[in-house]
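Notes for the structure review
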Amino acid sequence: MVLLTRFLLFPNKTTRRFPAGNKRHSFIDQVRIYARGGGGGQGHPKFGGIGGKGGDVYVQASTGITLKNVKSSKRDQRYIAGPGDNSKARILQGGKGRDVVIKVPPGVCVTDDNNRLLGDLNNVGEKVLVARGGEGGYEKNLWNGAKGSRGSFKLILKLIADVGFVGFPNAGKSTLLKAVSRTEPKIADYPFTTIRPQVGVVEYADKRQISMADLPGLIEGSHQNMGMGHRFLRHVERTKLLLFVIDIHGFQLSPRHAYRNAYQTINILNKELELYKSELVEKPAILALNKVDVEGADKLLQETLELIQDKSLHSLTEKDTEENEEHRLPISFEDIIPISAKHGEGLDRLKSRVREVIDEHYEKERTIQDLEVEMGRRKNIGVV
Ligand SMILES: Nc1nc2c(ncn2[C@@H]2O[C@H](COP(=O)(O)OP(=O)(O)OP(=O)(O)O)[C@@H](O)[C@H]2O)c(=O)[nH]1
Ligand SMILES: [Mg+2]
């Protein structure tokens, strides 16, 4: 979809095509696997011996690994644990079958084929059981070891970063990441330059670090997976703060598409996030209005700020105003900051506000968690 759009939109700019061949797809954020627990060993009816349990298959978060490693380490992606040992006259209790542990990077969530979540592996060492080994043979199962459980599973990587950039293509997200961190993302004057998420780390004077994820541009219909929207939207799920990066001059995907002013792009992004997952609009958010250095920005800035402040005026896209109204859960921005990512204007303020908002939010979360723990403890005391 994205590929096609770019070819149609920029037929003449062949010199800066995407990287050749597989390189474009080298970022793998989803792998499908098949896992089967080992069968239980046979029991020994004569001596009452019990067969060993079959091995289990786990997925575990580890360091120094990517989903690409997982994908390339095994062509068929079938993970089968070892069978339990049969009970023998000399060793009545059969040994347990060999476990298989599939190592994945932190940030992976594991679902079954029906997209039911089995586990979120956010921290190194956490693991989830995907296929259980069968029971060993004993009297109740007539000494026959049971088969292990089996199934197909998806390992889906959701980026973990403190801040996620949300914006239309060409808004200046990558330029911003480059300006505030040491990352060197690709920047160009055409939409969909960023085709995979990239995380940069912003370091403050006191060495505090905050990670920021530059995400590919979203478009109208991203929530329905237009332009691979789901692949990109899911990466904002785990961020603590959304940073809307908006081109104050608006956006037009191509001459065939409608022009959207800055205010409209904010509303469309709001809607896309909400329709993808309504919890997303409850995340703390900051609005950065970019490209204030370009001529005409002052007037546009003033107009946009007025529109944002005048909540009764929802001048959305004419075509789907009703739909938007129906779904709208407006994001309330913690702050609105005019910036020029290219020339560094407003970036110090942006950086310090990002930090403050994260800290405020984190403090709040911790207090609630502390309270819950505290209450849990009290409850326990009551019960005991
Ligand atoms: N004048 C001006 N140009 C900017 C500013 N920020 C970004 N640009 C330009 O806008 C164009 C797009 O910038 P990118 O950083 O690639 O935009 P992006 O949001 O990452 O775009 P995608 O990756 O396609 O989603 C580039 O030509 C940048 O140089 C700014 O503050 N002022
Ligand atoms: Mg980009």
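Here, the structure is the one placed above.
The rules behind these values
Residues numbered from 1 in each chain as written. Chains lettered and ligands numbered in written order. Predicted model: local features only at pLDDT ≥ 70, side-chain atom pairs only at ≥ 80, totals over all residues. Heavy atoms only, no water. Helix = DSSP H or I, 4+ residues; strand = E, 2+ residues; numbered from the N terminus. Contact = heavy atoms within 4.5 Å. Donors = N, O, S within 2.8 Å, 3.2 Å for Na, K, Ca; no water. Buried < 20%, exposed > 50% of the residue type's maximum accessible area, 1.4 Å probe, protein only. Axes fitted to C-alpha atoms, helices over the stretch in contact; angles between N-to-C directions. Parallel < 35°, antiparallel > 145°, perpendicular 65-115°, else oblique. Nonpolar A, V, L, I, M, F, W, Y, C, P; charged D, E, K, R; others polar. Phe/Tyr/Trp six-rings, centres within 6.5 Å; stacked < 30°, edge-to-face > 60°. Lys NZ or Arg CZ within 6 Å of the ring centre and 35° of its normal. Pairing = 2+ DSSP bridges. Near = heavy atom within 4 Å. Polar contact = N/O pair within 3.5 Å; in protein donor to acceptor, adjacent residues only side chain to side chain. Areas by Shrake-Rupley, 256 points an atom, 1.4 Å probe, with all protein chains shown as cover.

Bringing the environment of G167 into the picture now. You can see G167 is positioned in the loop between β9 (163-166) and α3 (173-180). C-alpha of G167 to C-alpha of L215: the two residues are 48 residues apart in sequence and 8.3 Å apart in space. Discounting chain neighbours no more than four positions away, the residues touching G167 are K173, G217, L218, V245 and L269.

Looking at the magnesium ion (ligand 2), one finds its protein donor set to be S174 (OG) and T194 (OG1), positioned 1.9 to 2.1 Å from the metal centre. Taken together, the residues span a long stretch of sequence, with S174 in helix α3 and T194 in the loop between α3 and β10 (198-203) at a distance of 20 residues. Comparing S174 with T194 shows no difference in burial state: the two are buried.

Before going further, it helps to spend a moment on the packing of helix α5 (residues 262-276) against helix α6 (residues 297-309). Between α5 and α6, the least distance of the axes is 9 Å, while the angle of their chain directions is 45 degrees. Between α5 and α6, the interaxial angle falls into the category oblique. Of the residues in α6, those in contact with A262, Y263 and I266 of α5 are T304, L307 and I308. Tallied by class, the residues present in the contact of α5 with α6 amount to five nonpolar, one polar and no charged.

Taken as a whole and assessed by the stated rule, the structure comprises two aromatic pairs. Ring geometry for F168 versus F251: centroids 5.1 Å apart, planes at 70 degrees, classification edge-to-face. Pair noted here: F168 is in the loop between β9 and α3 and F251 is in the loop between β12 (241-247) and α5, with a separation of 83 residues, a long-range link. For the pair F168 and F251, a shared accessibility class is recorded, and that class is buried. Summarising the aromatic geometry, the rings of F244 and F333 are spaced 5.1 Å apart at their centres and angled 80 degrees between planes, so their arrangement reads as edge-to-face. Here F244 is found in strand β12, whereas its partner F333 is found in the loop between α7 (321-327) and β14 (335-338), with 89 residues between them in sequence. The residues F244 and F333 share a single accessibility class, namely buried. Here the basic side chain of K74 rests over the ring of Y79, its NZ or CZ set 5.2 Å away from the ring centre. When the ring centre of Y204 is taken as origin, the NZ or CZ atom of K351, which lies over that ring, is 6.0 Å away.

The next thing to look at is the pairing of β12. The buried fraction of β12 amounts to seven of the seven residues, a majority that puts the element mostly inside the structure. The side-chain alternation of β12 yields two buried faces, one formed by L241, L243, V245 and D247 and the other by L242, F244 and I246. Here four bridges tie β9 to β12, and the two strands are oriented parallel to one another. Along β12, the bridge assignment pairs G164 with L242. Of the strand pairs in this sheet, β12 and strand β13 (residues 285-290) are connected by six bridges, and their pairing is parallel.

Consecutive side chains along a regular strand alternate between the two faces of the sheet. A large share of strand β2 (residues 57-61) lies buried, amounting to five of its five residues. The two faces of β2 match: V57, V59 and A61 on one face and Y58 and Q60 on the other face are all buried. Of the strand pairs in this sheet, β2 and strand β4 (residues 100-104) are connected by five bridges, and their pairing is parallel. Bridge pairing in β4 links Y58 to V101.

Turning to the site of ligand 1, a few remarks are in order. Near ligand 1 you find 23 residues, and of these K173, T175, F192, T194 and D293 are the closest. N290 is positioned with one of its side-chain polar atoms (N or O) 3.0 Å from an oxygen atom of ligand 1. Starting from 650 Å² of accessible surface for ligand 1 in isolation, the protein chains cover 92%. The greatest single-element share of the shell around ligand 1, amounting to three residues, is contributed by α3.

Right, let's talk about the sheet that holds β4 for a bit. Backbone-to-backbone hydrogen bonds join strands into a sheet, with any given pair of strands oriented parallel or antiparallel. Reading across the sheet, the three strands line up as β4-β2-β7 and stay open at both edges, with mixed pairing between neighbours. In the strand order of this sheet, the two ends are held by β4 and β7 (127-131), each with one partner. Shown here is a sheet whose adjacent strand axes are inclined to one another by a mean of 25 degrees, direction ignored.

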